[in-house]
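# Breakdown of the fold
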Amino acid sequence: MATSGAGDGCSSLNGFVSEIEQKQFTDLPAELLEYILCFPVLKHVDICNVSCSCKRLHDVCHGRGKVWGHQYKLRWPRLQKHYRQNECCDWLKEYRTRHTVGLQIRRTVVSISQRFFTEVVLGDSFAEIESLGAPEHFCEDELLSILNSDRRKSLTLKYYAKKILYFLRQKNILRSLKMFLEQPAEQQSALEGALLVDQYCNPLADVSLDGISSQLEEITDKVKKMLRIKNPSHPSLRVTQGDCFAVDDFDLQRQVVVTLNAVLYEQLQYKGNECDYYNPLNSYIHQVLLRRTGIPISLSVIYMTLARKLGVQLEPVNFPNHFLLRWCQQQRGSGDIYDFVYIDAFGKGKQLTAKECEYLIGHQVTADYYNAISTTEVLLRMVGNLLNIGKRGEGNEKSYQLLRDSLDLYLTINPDNVQYLLLQARLYFHLGIWPEKVLDILQHIQALDPSQHGAVGYLVQHTLEHIQHKKHPVEPEVKRRSAPEHLELQYSVGLIMKHKRSGYNCAIYGWDPKCTMSQEWITTMRVHQLSSGANQPFYNVLVQDGTCRYAAQENLEPHSAPLEIAHPEVGRYFSEFHDSHYVANEELQTRYPEDMAETLGTVRDLYHRLMPSPVQQESPNGPEGPSQENQDSQENQDTMPT
């Protein structure tokens, strides 16, 4: 019996073990399967494969479940701010859409590089991004992914991605500005309007109303701290953030103004920028707060905002050549200019009478110039300053961009200003961009002011010619080093050089066998004083200070310790910085097909004597192998979930 009993027990145990062995992975609870499939080591390709293995796992990996939600958040963490916490969403659909948008964006950016290499300013290309019809936050996230990749690689891809991101953000900011202008005048904040101007001109900077308000709140707290020492019972001390109130007593108002001056100009050292008055940074609120330096209007906006937070109501005054604030000294509103004290925020908060204001500009003005103005007029004055700075520019891309941005802003605020509409049309015509938009602007001008028919007719005729010319693009000029007329060339595209006389560092992006500049330029630059004069190779170089120059061969020498050149146009010509030289992108190599082999040889002789010869390095794709842009594009062509 004992033996039989033992046998029965063994049989029972074997049955239990057998049952356990028959258990499969798919028999685990759904919650545990989801937990396992959310391990960070699993990529979306793995989830695709798992979900195709059986119905059970396919159901666990359904589109609205945790598994695809985890994959989405893991791959694109920046997009989480666009979703509410615990939001029920078809994550698989979102993943597919975002993946597809990424591929479309990269293809578009690569095509823009090929088609707009010769353009000083991109124009029509941005319409292609809009035509994709993709969610804007997906487009922006892909562009940011490109910009945040390896610092030394994909330079051309980054160059155009940055321009497209600039455009997309500006479009959204302009939409916000239009909504702001539609608000009732009494609800428009000068600070918010000035910040929109700032954001539009600096769309890639991290500038937000919350961030600026937080900085101003810190200054307000400093004023309250000092005010508490002078008058512990002052009503401004009881005000919390966001409260709207006014101090009625003039003595109490004066205490606020005096304390504000002490904190702003003595403690924090804010000042007017007299040395570099026409620097556009003086007009941007976030830069004024960062550098504690500005011009009358930007300092006045900050001063007025701080005073109102503390209960003192100041009004903006559009005084000629010097923006001011006015402070009423009567209990009730007054129209008499002598009932106001005028505050010069540029002059450390100095208080002036109406007569003393005229001393600032050196001549008398009518009473109209002392009137308070609306927020819209403040913005027009601020944008007008930027317009004038853009007009004073040197004709480079940076000054053109400022002029374009400020014209966009001005005409958004005042769309029927014929003078600036004509300026915008001429600017676009000069840059050779948006010819169709130029025709629309000219038609609008003609409707507003028929007397402009002469200027309008001239621009219409030449714009139509430009449209026809674009339909038949000219083939790029190809320069081969092996040509007999190019035998004197010593340097090649991509080399890092140093100027013997001026000492600046630069990168070569083009050359001519002889100087091709005008006789006037040759005389002005004293080229005839060089030992070989204008009869020697000249090189187009990108200089470390952000300028582009034309340098004689005898003034250049290879840099002893090659370094990256921090120039905004580097990506337009080069795809990668390779330790000691730049690699020309496909467009530049098309124009200088023999230069990269020469550059590699020069680099090997100067810096890497142990490197293999250029012949050994070459591949079917050329001396440098496949371009980084193509590699990145291939890497992005991973399996899309189906």
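See above for the structure.
Starting from 1, residues in each chain are numbered consecutively following that chain's sequence as written. Given that the model is predicted, a residue must reach a pLDDT of at least 70 before its local features are reported, and side-chain atom pairs must reach 80 or more before they are shown or counted; all residues, however, enter totals for whole chains, interfaces and linings. The basis for every side-chain value is the complete set of heavy atoms in the structure, and neither hydrogens nor water enter the calculation.

This brings us to the packing of helix H17 (residues 397-413) against helix H18 (residues 418-431). Orientation of H17 relative to H18, taken along the N-to-C sense of each, is 145 degrees, at an axis distance of 10 Å. Relative to H18, the crossing made by H17 is left-handed. Across the interface between the two elements, Tyr400, Leu403, Arg404, Leu407, Asp408, Tyr410 and Leu411 of H17 pack against Tyr420, Leu421, Leu423, Gln424, Leu427, Tyr428, His430 and Leu431 of H18. To obtain each axis, a line is fitted to C-alpha atoms, and for helices this fit is confined to the stretch in contact; angles are then taken between N-to-C directions over 0 to 180 degrees. A run of H or I in DSSP counts as a helix once it spans at least four residues, and a run of E counts as a strand once it spans at least two, with each numbered from the N terminus. Crossings are assigned a handedness: left-handed for a near helix turned anticlockwise from the far helix by less than a right angle, right-handed for a clockwise turn. Contacts are residue-level and defined by heavy atoms, with any inter-residue pair within 4.5 Å sufficient.

Before going further, it helps to examine a nonpolar patch on the surface. Candidate patch residues must exceed 30% relative accessible area and have no salt bridge, after which like charges are joined if within 9 Å and Val, Leu, Ile, Met, Phe, Trp or Tyr side chains if within 5 Å. Note on areas: these come from Shrake-Rupley sampling with a 1.4 Å probe, and a residue is covered only by the protein chains present in the view. Each reported salt bridge corresponds to a side-chain nitrogen of Lys or Arg within 4 Å of a carboxyl oxygen of Asp or Glu. Together, Leu32, Tyr35, Phe39 and Val41 give the surface a local cluster of nonpolar side chains, amounting to about 430 Å² of exposed area. Among the secondary structure elements, Tyr35 is positioned in helix H2 (residues 30-37).

So, about the packing of helix H5 (residues 66-75) against helix H6 (residues 91-115). Closest axis-to-axis distance for the H5/H6 pair is 8 Å, and the angle between their directions is 30 degrees. Handedness of the H5/H6 crossing: left-handed. Residue-level contacts link Trp68, Gly69, Gln71, Tyr72, Lys73 and Arg75 of H5 to Trp91, Leu92, Glu94, Tyr95, Arg98 and His99 of H6. Residues belonging to the contact of H5 with H6 are distributed by class as follows: 5 nonpolar, 3 polar and 4 charged. Three classes are used, and their members are as follows: Ala, Val, Leu, Ile, Met, Phe, Trp, Tyr, Cys and Pro are nonpolar, Asp, Glu, Lys and Arg are charged, and the others, Gly among them, are polar.

The next thing to look at is unusual backbone geometry. The phi dihedral of Arg292 falls on the positive side, at around 55 degrees, and the residue is not glycine. When you line up the elements, Arg292 lands in the loop between helix H13 (285-291) and strand E2 (293-294). Burial status follows relative accessibility: with a 1.4 Å probe on protein chains alone, a residue under 20% of its type maximum counts as buried, one over 50% as exposed, and anything between as partly exposed. Taking the relative accessible area as the measure of exposure, Arg292 reaches 35% and is therefore partly exposed. Residues other than glycine seldom take positive phi values, yet Lys348 does so here, at roughly 60 degrees. If you trace the backbone, Lys348 turns up in the loop between strand E5 (340-344) and strand E6 (350-352).

Relative to the helices and strands, Asp198 is located in helix H10 (residues 190-201). Buried within the structure, Asp198 lacks any salt-bridge partner; Arg291 is the closest side chain of opposite charge, at an N-O distance of 10 Å. Non-local contacts of Asp198, meaning those with residues more than four positions away in its chain, are made with Val207, Tyr284, Ile285 and His286. In this tally, Lys and Arg are treated as positive and Asp and Glu as negative; His is ignored, and so are the chain termini.

Here we come to the pairing of strand E7 (residues 496-499). Paired strands, as defined in this entry, are two strands with at least two bridges between them according to DSSP. Where E7 and strand E8 (residues 505-512) come together, 3 bridges link them in antiparallel fashion. Counted as the bridge partner of Ile496 is Ala507 from E8. In this structure, the hairpin formed by E7 and E8 is closed by a connection of 5 residues, where Gly503 is found at a positive phi of approximately 80 degrees. In terms of strand pairing, E7 meets strand E11 (residues 556-558) through 3 bridges, oriented antiparallel. Considered in E11, the bridge of Met497 is made with Pro558.

The next thing to look at is the packing of aromatic side chains. Here is the rule: rings of Phe, Tyr and Trp (six-membered ring for Trp) pair when centre to centre is within 6.5 Å. Planes less than 30 degrees apart are stacked, more than 60 are edge-to-face, and the remainder are tilted. A full pass over the atoms with the stated rule returns 23 aromatic pairs. Between the aromatic rings of Phe340 and Tyr342, the centroid separation amounts to 6.4 Å while the plane-to-plane angle is 45 degrees, which identifies the pairing as tilted. We note that Phe340, like Tyr342, is buried. Note on criteria: charge over ring means Lys NZ or Arg CZ within 6 Å of the ring centre, with the direction from the centre no more than 35 degrees off the ring normal. The ring of Phe340 is capped by Arg326, whose NZ or CZ atom sits 3.9 Å from the centre of that ring. It is Arg392 that lies over the ring of Tyr278; its NZ or CZ is 3.8 Å from the centre.

A word on the pattern of salt bridges. As enumerated under the stated definition, the model contains 20 salt bridges in all. A salt bridge links Arg98 to Glu142; its shortest N-O distance comes to 2.8 Å. Taken as a pair, Arg98 in helix H6 and Glu142 in helix H8 (residues 136-147) lie far apart in primary sequence, 44 residues in all. We classify Arg98 as buried; its relative accessible area is 0%.

This paragraph deals with the pairing of E5. Every other side chain in a regular strand lies on the same face of the sheet, so the side chains alternate between the two faces. When you tally the buried positions in E5, you get 5 out of 5 residues, the bulk of the element. Side-chain alternation along E5 places Phe340, Tyr342 and Asp344 on one buried face and Val341 and Ile343 on a second face that is also buried. Sheet topology places E5 next to E6; 3 bridges connect them, and they run antiparallel. By the bridge assignment for E6, Ile343 is matched with Gln351. Connecting E5 to the next strand, E6, in antiparallel fashion are 5 residues, including Lys348 with a positive phi near 60 degrees.

With that settled, consider the sheet that holds E8. Strand order across the open sheet formed by 5 strands is E10-E9-E8-E7-E11, with antiparallel pairing between neighbours. Of all strands in the sheet, those bounded by a partner on one side alone are strand E10 (548-552) and E11. The average undirected angle you get between the axes of adjacent strands in this sheet is 50 degrees.

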